[in-house]
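# Observations on the model geometry
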Amino acid sequence: MAIIRLEEPRPRLPASRAGWSPFMAMAFRPFYLFAALFGVVAILAWVAGFNGTDALPGLMWHGHEMIWGYAGAVIVGFLLTAVGSWTGQPAFSGTPLAGLAALWLGARIAASTETGAPLITGLLSVSFFVCAAVAVALPVWRARSKRNAGVPFLLLAFALANALYLLTVAGVLDMDARRLLFTGLLLVSGFITLIGLRVIPFFTHRALKRPQVSHPRWAGIVGLLSPVILAALIATNAPSVLALIVGAAGMVFNLVLLMRNAHGSMRQHPLLWVLYLGYSLTALGIGLVGLALSVAPALMSAAVHCIAIGGVGVLTLGMMTRTALGHTGRNLVLPPLMVPAYALMLLATVLRLGAAFIPAAYQPLIHAAGACFAGALLLFLWRYGKWLVSTRIDGMPG
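Quick look at the structure, then. Predicted model only: the values in this text are computed from it and were never measured.

Scanning the entire structure with this criterion turns up two salt bridges. Residue Glu65 is joined to Arg108 by a salt bridge in which the shortest nitrogen-to-oxygen separation is 2.6 Å. One end of the pair, Glu65, is in helix H2 (residues 58-87); the other, Arg108, is in helix H3 (residues 94-111), with 43 residues separating them in the sequence. With a relative accessible area of 5%, Arg108 lands in the buried category. A salt bridge links Arg392 to Asp394, with the shortest nitrogen-to-oxygen separation between them at 2.6 Å.

What follows is the structure, given as structure tokens:
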């Protein structure tokens with residue numbers, strides 16, 4: 001697999017957008033900040049008893065907002081930042097970036113208010129991902145980058161799952177809304193495998209000064225497609241035995257591919273081990289989903305939250321802390337309070353999985369997990385918030 005560089009070469013900034021605030025200079029800035037702020041508010045509101053709206057009630061709101069809201073913002077922020085480095089094209093910035101951020105914010109407001117019916121939320125939310133797909137596709141097309149040609153289609157699949165889910169909640173489609181939530185979460189796992197298999201080996205190589213271990217292209221394709229295929233199987237209610245096979249293959253391939261680059265010395269590098277832990281928990285969750293769909297349905301809650309908190313929560317926090325350092329011109333040295341933030345997110349994973357297996361302690365464990373999740377993001381905001389709205393420390397654009 002070819003190496004993808006995130007900090008170098010630097011994507012060019014169009015002169016027409018040079019006058020914009022640093023906050024709109026690159027996509028990671030608004031979307032990392034908005035995602036962290038929203039993650040804190042949404043999780044604390046959920047554990048405090050906010051039950052969504054009549055149009056998007058309870059779990060329907062919580063699941064949608066954490067998958068297509070929180071995770072969606074981090075994914076789009078990362079991809080629109082990385083695609084400039086992948087293709088050598090100008091960074092997505094300025095007015096188009098502000099408009100995209102406005103779509104995301106509008107969707108969050110619509111989903112959380114009584115006037116925001118699922119169709120209105122869907123119009124804003126789906127438009128956000130479609131526009132993001134176009135914004136990724138344009139530099140890929142201009143650079144004739146065949147290797148990245150599939151990325152916009154994965155964003156469009158994420159938009160389609162979002163549309164199907166909200167149309168089902170609105171009563172327009174006769175489908176299982178919970179299954180569509182699981183579909184969306186597994187597509188997030190697809191983004192994790194796509195991004196993780198590209199950048200984690202490179203980050204390991206950079207930090208440990210060790211040769212990067214490549215893997216067969218076909219193995220990487222299996223690792224990437226397994227959660228995507230599993231998402232399609234869940235959405236279509238396919239035979240459970242097939243889900244078991246796909247889930248097991250996804251877990252095994254992703255763990256093996258990840259660990260080929262692992263080394264004992266990475267324990268001294270929190271910016272590395274947090275990514276390995278988050279990716280491993282995602283792979284484990286993929287396997288548990290296959291198991292839950294086939295022979296152990298009682299495991300579904302644990303499987304979902306192994307991905308949602310252990311994978312998405314841990315990995316987004318790790319990826320935001322790592323990539324924001326490089327793109328704000330700072331040395332790749334983890335700031336104070338971030339190891340405690342990682343520990344809080346990992347503790348949130350343990351507590352939420354405990355709630356899935358200890359019904360008698362469900363509520364206190366849920367509250368504790370939510371507090372840890374929010375605390376981890378608050379620490380990120382405390383250390384990184386000012387950096388995300390300020391010019392690069394080295395004076396470079398971006």
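Phi at Lys209 is positive, roughly 55°, even though this residue is not glycine. Tracing the sequence through the fold places Lys209 in the loop between helix H6 (177-208) and helix H7 (217-235). Using a relative accessible area of 69% as the deciding quantity, one classes Lys209 as exposed. Of note in the backbone geometry, Leu337 takes a positive phi value of approximately 80° without being a glycine. Locating Leu337 in the fold gives a position in the loop between helix H10 (300-327) and helix H11 (338-357).

Turning next to the packing of H7 against helix H8 (residues 240-259). Where H7 meets H8, the axes come as close as 8 Å, and the angle between the chain directions of the two elements is 145°. Taken as a pair, H7 and H8 cross one another with a handedness that is left-handed. Here Trp218, Ala219, Gly220, Val222, Gly223, Ser226, Ile229, Leu230 and Leu233 of H7 lie close against H8, whose contacting residues are Leu242, Ala243, Val246, Gly247, Gly250, Phe253, Asn254 and Leu257. Looking at the contact of H7 with H8, its residues break down into 11 nonpolar, six polar and no charged.

About the cut-offs
Residues numbered from 1 in each chain as written. Predicted model: local features only at pLDDT ≥ 70, side-chain atom pairs only at ≥ 80, totals over all residues. Heavy atoms only, no water. Salt bridge = Lys/Arg side-chain N within 4 Å of Asp/Glu carboxyl O. Helix = DSSP H or I, 4+ residues; strand = E, 2+ residues; numbered from the N terminus. Buried < 20%, exposed > 50% of the residue type's maximum accessible area, 1.4 Å probe, protein only. Axes fitted to C-alpha atoms, helices over the stretch in contact; angles between N-to-C directions. Left-handed = near helix turned anticlockwise from the far one by under 90°. Contact = heavy atoms within 4.5 Å. Nonpolar A, V, L, I, M, F, W, Y, C, P; charged D, E, K, R; others polar.

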